[in-house]
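# Observations on the three-dimensional arrangement
Take a look at the letters that make up each chain.
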Amino acid sequence: MAGNPLINNMTKPAGDPRFGQFGAGGTTTANPYGQQAQSPYGTYQQGSYTQQAPYGYENQQVSAGQLNDMYNAGTAGPVDTNRITINDIIMKTGLNLGLVVVGAVLAWYMPVPMFVGFIGGLVLGFVNALKKKVSPALVMTYSVMEGLLVGGISRMFEASYPGIVVQAVLATVIVFATILALYSSGKVRATPKLTRFFMIATISYAVFCLVNLVASFFFDFNARGVEVMGIPLGLIIGLFAVLLATYSLLLDFTHASDAIKMGAPERESWRIAFGLIVSLVWLYIEILRVLYYVRSMADD
């Protein structure tokens, strides 16, 4: 027990002048005339009381004003480091999701802005992805554009198969929650090899979508309508795209975790929120397409 520093600090040795007769083993000291005595708080002599400096300041010259400030000052508060936290990411992502919903509601009742959302989202997506210093205004504007696109597409699919939008929303929430839970538990992690494959596959998918869009616009040909062993090619590609969007979410979670560990600036929470919106919108649209093919096959 004598070697424990905690116990040693709690039980001061005998004769410690800071504790006097009230300390562990302390003694009362007096001058030859018995007119001076030690107390835990200062020295009493001939009817006057002189306050003693706090612990750690015994050997320093401390004025009366400074001493009063030492005793009356509050405890030190947390240091504002302006670093990113999980709350920052949640708040920014929630805000941008709300803007997506607002844009989607507008496009649901006014289908024309869907094209504005497509062009605006495409342009702002590249700008936000390539911009070195993230711009909150551009991120929020992008979210509104994506909402216009999502609302217009959802309205078209809902007109063909009522209830499909609710199914797609629920499926998106389930996938998001599942990946988040698996990542939080450490059971799923992004790896360099998978990330390289993801980049190659995403670029290839983007090229396919561009070629298919041009072919359907100028030649009235949609490659997604081609069947492979009786299964629409669009369904196969859609399922593959859902996997890509899911892995994109995993990369977003990894980015968020690394940013917090490295103490990135709070402003980076906007970039992470932007990435999550991109992945969630992508995942939702691909799930919507997959459900469309499944329900169309069920009707045949």
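Keep in mind the model is a prediction, meaning the values are calculated, not measured. (Residues numbered from 1 in each chain as written. Predicted model: local features only at pLDDT ≥ 70, side-chain atom pairs only at ≥ 80, totals over all residues. Heavy atoms only, no water.)

## Some details on the confidence of the model for the protein
Put simply, the test is: Confidence scores here are pLDDT values: one per residue, from the predictor, ranging 0 to 100. To qualify as a helix, a DSSP run of H or I must reach at least 4 residues; to qualify as a strand, a run of E must reach at least 2; elements of each kind are numbered from the N terminus. For this analysis, residues touch if any pair of their heavy atoms sits within 4.5 Å.
Averaged over all residues, the pLDDT of the protein equals 78, while 68% of them reach at least 70. Taking the mean pLDDT of every element in the protein, the minimum, 41, falls on helix α1 (residues 5–10) and the maximum, 95, on helix α6 (residues 164–184). Contacts for the low-pLDDT stretch residues 53–58, under 50 throughout, to residues beyond four places or in other chains number ten contacts. Here residues 73–80 is modelled with pLDDT under 50, and outside its nearest four sequence neighbours on either side it reaches zero contacts, counting other chains as well.

## Points about the side chain of S269
Tracing the backbone shows S269 in helix α9 (residues 268–299). Setting aside chain neighbours within four positions, we find S269 in contact with I84, D88, I89 and K92.

## Examining the packing of helix α4 (residues 113–130) against helix α5 (residues 136–160)
How we decide: Whenever a helix is involved, its axis is fitted only over the stretch in contact; in every case the axis is a line through C-alpha atoms, and angles between N-to-C directions fall within 0 to 180 degrees. Angles below 35 degrees are treated as roughly parallel, those above 145 as roughly antiparallel, those between 65 and 115 as roughly perpendicular, and all remaining angles as oblique. Rotating anticlockwise by less than a right angle from the far helix to the near helix defines a left-handed crossing, while the corresponding clockwise rotation defines a right-handed one. As a working rule, the residues Ala, Val, Leu, Ile, Met, Phe, Trp, Tyr, Cys and Pro are called nonpolar, Asp, Glu, Lys and Arg charged, and the rest polar, with Gly in that last group.
Relative orientation of the contacting elements α4 and α5 amounts to 140°, with a least axis distance of 7 Å. One finds that α4 runs oblique with respect to α5. Crossing hand, α4 versus α5: left-handed. Residues P113, M114, V116, G117, F118, G120, G121, L124, G125, V127 and N128 of α4 form the contact with α5, whose participating residues are L138, V139, T141, Y142, M145, E146, L148, L149, G152, I153 and M156. Grouping the amino acids of the contact of α4 with α5 by side-chain chemistry returns 14 nonpolar, seven polar and one charged.

## With respect to the packing of helix α3 (residues 86–109) against α5
For any two helices packed against each other, one specifies the crossing angle of their axes together with the interaxial distance. Where α3 contacts α5, the two axes come as close as 6 Å, and the packing angle between them is 45°. On the basis of their axis angle, the class for α3 and α5 is oblique. Between α3 and α5 lies a crossing whose hand is right-handed. Taken together, the residues of α5 that come into contact with α3 (itself represented by L95, N96, L99, V100, G103, A104, L106, A107 and W108) are V139, M140, S143, V144, G147, L148, G151, G152, S154, R155 and E158.

## Structural notes on the packing of aromatic side chains
Here is the rule we go by: Each Phe, Tyr or Trp ring (for Trp, its six-membered ring) is paired with any other whose centre lies within 6.5 Å, and the angle between the two planes then decides the class: stacked below 30 degrees, edge-to-face above 60, tilted in between. Accessible area is worked out with a 1.4 Å probe on protein chains only. A residue is then buried under 20% of its type maximum, exposed over 50%, and partly exposed in between. Definition used: whenever NZ (Lys) or CZ (Arg) falls within 6 Å of the ring centre and also within 35 degrees of the ring normal, the charge is taken to sit over that ring.
Under the criterion given, the structure shown has eight aromatic pairs. Between the aromatic rings of Y183 and F253, the centroid separation amounts to 6.2 Å while the plane-to-plane angle is 40°, which identifies the pairing as tilted. A residue pair is termed long-range when its members are at least 10 positions apart, and Y183 in helix α6 and F253 in helix α8 (residues 233–262) qualify at 70 residues. A residue is classified by how much of its surface remains accessible, and Y183, at 11% relative accessible area, is buried. Taken together, the ring pairs connect F157, Y161, Y292 and Y293 into an aromatic cluster. For R189, the ring lying beneath its charged end belongs to Y183, and the centroid distance is 4.1 Å.

## Observations regarding the pattern of salt bridges
For the record, the criterion: The term salt bridge refers to a side-chain nitrogen of Lys or Arg lying within 4 Å of a carboxyl oxygen of Asp or Glu.
Counted under the stated rule, the structure contains three salt bridges. Two residues, R289 and E286, come together in a salt bridge whose shortest N-O distance is 3.5 Å. Taken together, the residues span about one helical turn, with R289 and E286 both in helix α9 at a distance of three residues. R289 sits in the partly exposed class, given a relative accessible area of 26%. The class for E286 is buried, based on a relative accessible area of 3%.

## As for a nonpolar patch on the surface
Put simply, the rule is: The patches described consist of residues with a relative accessible area above 30% and no salt bridge, like charges being joined within 9 Å and nonpolar side chains (Val, Leu, Ile, Met, Phe, Trp, Tyr) within 5 Å. Only the protein chains shown count as cover for residues, and all accessible areas are computed by the Shrake-Rupley method using a 1.4 Å probe.
Taken together, the side chains of F118, I119, L122, V123, F126, V127, L130 and L213 define a hydrophobic patch exposed on the protein surface, amounting to about 790 Å² of accessible area. For the nonpolar patch, the element with the most residues is α4, which contributes seven residues. Looking at the element boundaries, V127 is found in helix α4. When its relative accessible area of 36% is taken as the criterion, V127 is described as partly exposed.

## Focus on the nonpolar core
Soluble globular proteins tend to pack their nonpolar side chains together in the buried interior. For clarity, the cut-off: In this text, buried Ala, Val, Leu, Ile, Met, Phe, Trp, Tyr and Cys residues form a nonpolar core when linked through side-chain atoms within 4.5 Å.
Residues I153, I164, I272, W282, Y284 and L288 are the most contacted members of the largest nonpolar core, which totals 53 residues. Among the elements of the structure, α3, α4, α5, α6, α7 (192–218), α8 and α9 are those that each provide at least two residues to this core. Here I153 is in contact with M114, I285 and L288, once residues within four sequence places are set aside.

## Topic: the side chain of S296
Filter applied, for reference: Under the rule applied, a polar contact is a pair of N or O atoms within 3.5 Å (in protein, one hydrogen donor and one hydrogen acceptor; residues adjacent in sequence only if both atoms are side-chain atoms).
By the element assignment, S296 lies in helix α9. The class of S296 is buried, set by a relative accessible area of 16%. Within the structure, S296 has its side chain in polar contact with the backbone oxygen of Y293 (distance 2.7 Å).

## Considering the layout of surface pockets
Let me state the cut-off plainly: Residues are said to line a cavity or pocket when one of their atoms sits within 4 Å of a point; the points come from a 1 Å grid over protein atoms alone, cavities being sets where a 1.4 Å probe fits but cannot get out and pockets being open sets with protein on both sides within 12 Å along at least five of seven lines. Grid points are joined across faces, edges and corners, and a volume is the space filled by probe spheres set on the points.
In this structure, the largest pocket encloses a volume near 2200 Å³. Contributions of two or more residues to the lining of the largest pocket are made by α4, α5, α7, α8 and α9. No other element matches the 13 residues that α9 contributes to the lining of the largest pocket. L97, V100, V101, V169 and Y284 are, among the 18 residues lining the second largest pocket, the residues nearest its centre. Among the elements that make up the lining of the second largest pocket, the one with the highest residue count is α3 (six residues). Of the residues that constitute the lining of the second largest pocket, the class distribution is 15 nonpolar, three polar and no charged.

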